[in-house]
Amino acid sequence: MGKQLGSPTVTNVWVPAGYKDIPVDRTAPRQRLMESLDKIFAKKLDPKVHLDAVESKLFGIGAESYTTGSHEFYMGYAVSRQKLLCLDAGHFHPTEMISEKISSMLLFLPGLLLHVSRPVRWDSDHVVILDDELIAIAREIVRSGKIDRIHIGLDFFDASINRIAAWVIGMRSMI
């Protein structure tokens, strides 16, 4: 697809990996996840046509106590393997902003995938609207001078409104 489009496509790997209660062993699941990701990414693809990204999750229903693929895990994995790191606006604590992470991550990674969404209590399945965090994200993207290393994906999952309206509202807000 990247060859046909003349620009790289991005595949984002997100794994719902967590526990409802406190696990006895926090290391072994992370070791297995790291080994599995290494197998998934074993075949090297041309970065001119394809890029791989990994995405963390804070927690969610059914994973309230421990998340194998935490931000720290995926940040370490992305830096050590030089993959894109996906920052999802809805996968962090409500007071934690991804706009604050962009400049730091760009120092160590080949690029970022931003999953621009509108979080509501750790859930990012809400149509993007023009709010303070979206403005801060856009400012960081432009001010970084690294627009060519940042890939943006918008969340249109919210099924409470018409799909075309969701697309138009989200795109217009990001623009």
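Scroll up to find the structure this text is about.
None of these values were measured; they are calculated from a predicted model.

Thresholds applied
- Residues numbered from 1 in each chain as written.
- Predicted model: local features only at pLDDT ≥ 70, side-chain atom pairs only at ≥ 80, totals over all residues.
- Heavy atoms only, no water.
- Helix = DSSP H or I, 4+ residues; strand = E, 2+ residues; numbered from the N terminus.
- Rg over C-alpha atoms; globule rule 2.2 N^0.38 Å.
- Areas by Shrake-Rupley, 256 points an atom, 1.4 Å probe, with all protein chains shown as cover.
- Lys, Arg positive; Asp, Glu negative; His and termini not counted.
- Charge placed at Lys NZ, Arg CZ, Asp CG, Glu CD.
- Core = buried A, V, L, I, M, F, W, Y, C linked by side-chain atoms within 4.5 Å.
- Buried < 20%, exposed > 50% of the residue type's maximum accessible area, 1.4 Å probe, protein only.
- Contact = heavy atoms within 4.5 Å.
- Pairing = 2+ DSSP bridges.
- Axes fitted to C-alpha atoms, helices over the stretch in contact; angles between N-to-C directions.
- Salt bridge = Lys/Arg side-chain N within 4 Å of Asp/Glu carboxyl O.
- Arc of directions from axis to C-beta.
- Phe/Tyr/Trp six-rings, centres within 6.5 Å; stacked < 30°, edge-to-face > 60°.

Colleague: I'd like a description of the overall build of the chain, backed by residues and values.
Modeller: Counting its regular elements, the chain contains six helices and seven strands. N-terminal to C-terminal, the α/β element order of the chain is α-β-β-α-β-β-α-β-α-β-α-β-α. A compact globule built from 175 residues would reach a C-alpha radius of gyration of about 16 Å, and the chain, at 16 Å, matches this within 12%. Taken over the C-alpha atoms alone, the chain extends approximately 45 × 35 × 30 Å along its principal axes. When the accessible surface of the chain is summed, it comes to about 10,300 Å², and 60% of that surface belongs to carbon and sulfur atoms. Seen as two clouds, the 21 positive and the 21 negative side-chain charges of the chain have centres 5 Å apart.

Colleague: Give a description of the nonpolar core that names residues and reports values.
Modeller: Of all hydrophobic cores here, the largest spans 29 residues; its most connected members are Leu37, Leu85, Leu87, Leu112 and Leu114. The biggest single contributor to this core is helix α3 (residues 71-81), with four residues. Apart from residues lying up to four places away in sequence, leucine 37 is in contact with Val13, Phe73, Tyr74 and Tyr77. Formed by five residues, the second largest nonpolar core is a distinct cluster that contains Leu51, Ala53, Cys86 and Leu113.

Colleague: Give a description of the sheet that holds strand β3 (residues 50-55) that names residues and reports values.
Modeller: Strands in a sheet are paired, the pairing made by backbone hydrogen bonds, and the direction either parallel or antiparallel. If you walk across this open sheet you meet the five strands as β1-β3-β5-β6-β7, and the pairing is parallel. Among the strands making up the open sheet, the edge pair consists of β1 (9-14) and β7 (150-154). On average, adjacent strands in this sheet sit at an angle of 30 degrees to one another, irrespective of strand direction. Looking at chain direction, strand β5 (residues 84-88) and strand β6 (residues 112-116) are connected through four bridges and run parallel. Within the sheet, the bridge partner assigned to leucine 87 lies in β6 and is leucine 114. Relative to the sheet, α3 contacts β3 and β5, its axis offset from that of β5 by approximately 155 degrees.

Colleague: Go over the pattern of salt bridges with me, naming the residues and quoting the values.
Modeller: Overall, the coordinates contain three salt bridges when judged by the stated rule. The residue lysine 101 makes a salt bridge to glutamate 96 at a minimum N-O spacing of 2.8 Å. Relative accessible area serves as the criterion here: at 31%, glutamate 96 is assigned to the partly exposed category.

Colleague: So what's going on with α3? Residues and values would help.
Modeller: Since the α-helix turns once every 3.6 residues, residues separated by three or four places project in the same direction. Those residues of α3 lying buried are His71, Phe73, Tyr74, Tyr77 and Ala78. Axial view of α3: buried residues confined to an arc of 160 degrees, hence all on one face. Against the buried residues of α3 lie α2 (27-40), β3 and β5. Looking one or two residues past α3, glutamine 82 carries a phi angle of roughly 55 degrees, positive in sign.

Colleague: Describe the packing of aromatic side chains, with residues and values.
Modeller: The final tally for this structure, using the stated rule, is four aromatic pairs. Between phenylalanine 73 and tyrosine 74, the ring centres sit 5.0 Å apart and the planes meet at 85 degrees, which makes this aromatic pair edge-to-face. Taken individually, phenylalanine 73 and tyrosine 74 each receive the classification buried, so the pair is uniform in this respect. Where phenylalanine 73 meets tyrosine 77, the ring centres are 6.3 Å apart and the plane angle is 15 degrees; that geometry is what we call stacked. On the criterion of helical spacing, the pair formed by phenylalanine 73 and tyrosine 77 is a turn pair, its members being four residues apart in helix α3. Residue phenylalanine 73 is classed as buried on the basis of its relative accessible area of 13%. Residue class for tyrosine 77 comes out buried when judged on its relative accessible area of 3%.

That is the geometry; function is a separate question.
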